[in-house]
Amino acid sequence: MPISKEDVKYIAALARIDVPEDKLEGMTKSLRCIVQYVEQLQKLDVDNVKPTSHAVPVGNVLRPDVVKPSLTNQEALAIAVEAKDGCFKVPLVIE
Amino acid sequence: MNLHSLTAHALLDLFKSGKASAKEAYKAVVGRIKAVDPKVKAYVHMASHQPDYRGEFQIPIGIKDNLCTKGEEITCASRILKGFRSPYDAGVMEKIKKSGGAILGIVNMDEFAFGSSCETSCYGPTFNPWNLECVPGGSSGGSAASVAADEAVWALGSDTGGSIRQPASFCGIVGLKPTYGRVSRYGLIAFASSLDQIGPLTKDVRDCALLMNIISGYDERDSTSVNEPVPDYTKALVNDVRGLKIGIPQEAFAEGLDPEVRRSVEDALNLLKKLGAVIKEVSLPHTPYAVAAYYIVATAEASSNLARFDGVRYGLRVQPASVRKTALTDMYEETRSLGFGDEVKRRIMLGTYALSSGYYDAYYLRGQKVRTLIKNDLDEVFKDCDVIMTPTSPTVAFKVGEKISDPLSMYLSDIYTIPANLAGIPAISVPCGLSKSSCLPIGLQLMGKAFDEEMLLRVSYTYEQNTQWHLKKPKLD
């Protein structure tokens, strides 16, 4: 089933992106076209194929738990949009 | 003698013999940027500090706008990161600085590296130095254009599906995507974490080996960095391909390949054969599915990676008008909607779709399985070949605006470069011709076994020593 405008609205909401009404048609069309192209993967038989998430096999990577210098609170907050009391400040979350 | 037009190894020779200083070289390149960048528009801004002229490799370098460089504004060419001054250096930037690298400035790219033309940048496009009406390729378009226009001696880029090799090909220079895990990704702003690799864009193969020596190596801060010894890549610069086996995949020479590109790559093939290489016809039957698999895997990873750009900590924040309960989510949505360009939104949504409930198996899991099939194809061919050779791109550089409104046709320009990212193997693009009809550069791609960058350097060095293409320069004055 091709992607509908409703699908695009739903995906946009999941991705926290607002697609305004006047752009919805164009975005739906381009996504539909790409998804149609990707459909060719359905032709392949992949029943007994293992998925590859990383091309170079690396297992669980562990390192010694040693305290090392890192960014100070001040350095980290120097790039903050808004900071207060040594923390990033955000709009109201809970009333 | 124009210092700005020299290779890094030629400059190092001059520094050593005292015929020129690093300071003179840096000034010459800055002068060149002032003279031609108003036309090329490779740079998004110049470095905030002068180099301190200490170290073994004081070479003027351009840095892609997605490599965290302490104190510089690094934005991925996106409005959402405007104002972000990196508080730290990426692993590669530490290495560049330690080696003496003289940072010229930050160069342009497609927004978040999503593109093959450098047109989706929030700063506007970079132009191809060979023809200012054409794109330089992408996403490392600023890196490639700056080197081709002598506005940098060499540059760093990143490659997720061809973003170093395709612009290197379009601009007539050398570009290498190393094996996944060879170069630390610490401090590279992530696009698709299982595919991204940082690599060099240089004027010739010797410079490529030199820059690889500087940036390669294990870094515990990147959990996918591989702890393999780093060879001296300049030792691989041997002018000899006798007995080496070069695989030619028949799928790469099928429909859609520009006849002039085909002819140049075939000429290169015949030359290598004459020099003693053994040419073998091979098959990579699943590579026609690579672009489709890539656009599932890469966008899925991107949609997750780009979730961090939400206006909470750094970069852009759009304050919601309301003080409702939903003020925080309103802020996320308004910031992301204003901060991201259309192509970034498209890819985030495509990835979100591929990962969403009910579609995961049909798209994401299937994409990963097809990735396995493509990797198996390459493993099979490498059992009996030292390198695989294809064109880098099916066409020469296209016109600015030509493909921007048709995302799928843009995606297909990466058809030859994507398999190496999916399989994690190294691949290089070297100049192999100039189109007679348009006078634009053509590149050939060599793919190698994992951690065998040396074989790629050896074959491309031999090719370079027996041709003149790497010496051709665009006329910009």
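Every value quoted in this text rests on a predicted model; they were computed, and no experiment measured them. (Residues numbered from 1 in each chain as written. Chains lettered and ligands numbered in written order. Predicted model: local features only at pLDDT ≥ 70, side-chain atom pairs only at ≥ 80, totals over all residues.)

On to the overall build of chain A. Looking only at helices and strands, chain A features three helices and two strands. Its C-alpha atoms give chain A a radius of gyration of 23 Å, more than 25% over the compact-globule value 12 Å for 95 residues. C-alpha atoms of chain A, sized along the principal axes, occupy 55 × 45 × 25 Å. The 95 residues of chain A split such that 17% are buried. (Helix = DSSP H or I, 4+ residues; strand = E, 2+ residues; numbered from the N terminus. Rg over C-alpha atoms; globule rule 2.2 N^0.38 Å. Buried ≥ 20, exposed ≤ 12 C-beta atoms within 10 Å, placed from the backbone.)

When the parts of a complex come together, some accessible area is lost, and that lost area is often used as the size of the interface. Across the boundary between the two partners, chain B contributes 57 residues, which contact 42 residues of chain A. Only α8 (290-305), α9 (327-339), α10 (342-355), α11 (361-382), α12 (407-411) and α13 (418-423) of chain B provide two or more residues apiece to the side of chain B that touches chain A. The dominant element in the side of chain B that touches chain A, judged by the number of residues it contributes, is α11 of chain B, at 11 residues. Of the residues belonging to the side of chain B that touches chain A, the class tally is 31 nonpolar, 13 polar and 13 charged. (Contact = placed C-beta atoms within 7 Å. Nonpolar A, V, L, I, M, F, W, Y, C, P; charged D, E, K, R; others polar.)

This part is about the confidence of the model for chain B. Averaged over chain B, the pLDDT score is 96; the fraction of residues at 70 or greater is 99%. Interface predicted TM-score (ipTM) for the complex: 0.95; the corresponding pTM is 0.97. (pLDDT = per-residue confidence, 0-100.)

Along the chain, S437 of chain B turns up in the loop between β10 (427-434) and β11 (441-448). In this structure the C-alpha to C-alpha distance between S437 of chain B and I388 of chain B, which are 49 residues apart in sequence, comes to 28 Å.

With that settled, the discussion passes to the pairing of strand β7 (residues 245-249) of chain B. Here is the key point about a regular strand: its side chains alternate between the two faces of the sheet. Residue and element names in this part refer to chain B. Pairing between β7 and strand β8 (residues 278-282): five bridges, direction parallel. From the neighbouring strand, I248 faces β8, where its bridge partner is E281. Pairing geometry for β7 and strand β9 (residues 387-391), over two bridges, is parallel. For G247, the partnering residue across the bridge sits in β9 and is I388. (Pairing = 2+ DSSP bridges.)

Moving on, we get to the nonpolar core. Residues and elements named next belong to chain B. If you look at the biggest cluster of nonpolar residues, it comprises 170 residues, and the most contacted ones within it are I61, W154, A293 and Y295. The greatest single-element share of this core, amounting to 11 residues, is contributed by α8. Not counting residues within four places of it along the chain, the set of residues in contact with I61 comprises I96, G101, A102, I103, L104, A152, V153, W154, A155 and L156. (Core = buried A, V, L, I, M, F, W, Y, C linked by C-beta atoms within 7 Å.)

Residues and elements named next belong to chain B. Taken in spatial order, the 11 strands of this open sheet run β1-β3-β2-β4-β6-β5-β10-β11-β9-β7-β8, and their pairing is mixed. The open sheet has two edge strands, β1 (43-46) and β8, and neither has a second partner. Across the sheet, the axes of successive neighbouring strands diverge by a mean angle of 30°, strand direction being ignored. The sheet contact formed by strand β2 (residues 60-64) and strand β4 (residues 154-159) spans three bridges and is parallel. Bridging across to β4, G62 finds its partner in A155. Across the sheet, helix α6 (residues 205-215) is in contact with β4, β5 (174-177), β6 (197-202) and β10; its angle to β6 comes to roughly 145°. (Axes fitted to C-alpha atoms, helices over the stretch in contact; angles between N-to-C directions.)

What follows covers the packing of α8 of chain B against α10 of chain B. Residue and element names in this part refer to chain B. Two elements in contact, α8 and α10, have axes separated by 7 Å at closest approach and are oriented at 100°. Taken as axis vectors, α8 and α10 run roughly perpendicular relative to one another. Across from Y295, I296, T299, A300, A302 and S303 in α8, the residues of α10 making contact are R347, I348, L350, G351, T352, A354 and L355. (Parallel < 35°, antiparallel > 145°, perpendicular 65-115°, else oblique.)

Once that is clear, we can look at the environment of K84 of chain A. Residue and element names in this part refer to chain A. Mapping K84 onto the fold places it in strand β1 (residues 83-84). Looking at K84, the number of C-beta atoms within 10 Å reads 10, which means it is exposed. Sequence spacing of K84 and G59 is 25 residues, and the spatial spacing of their C-alpha atoms is 40 Å.

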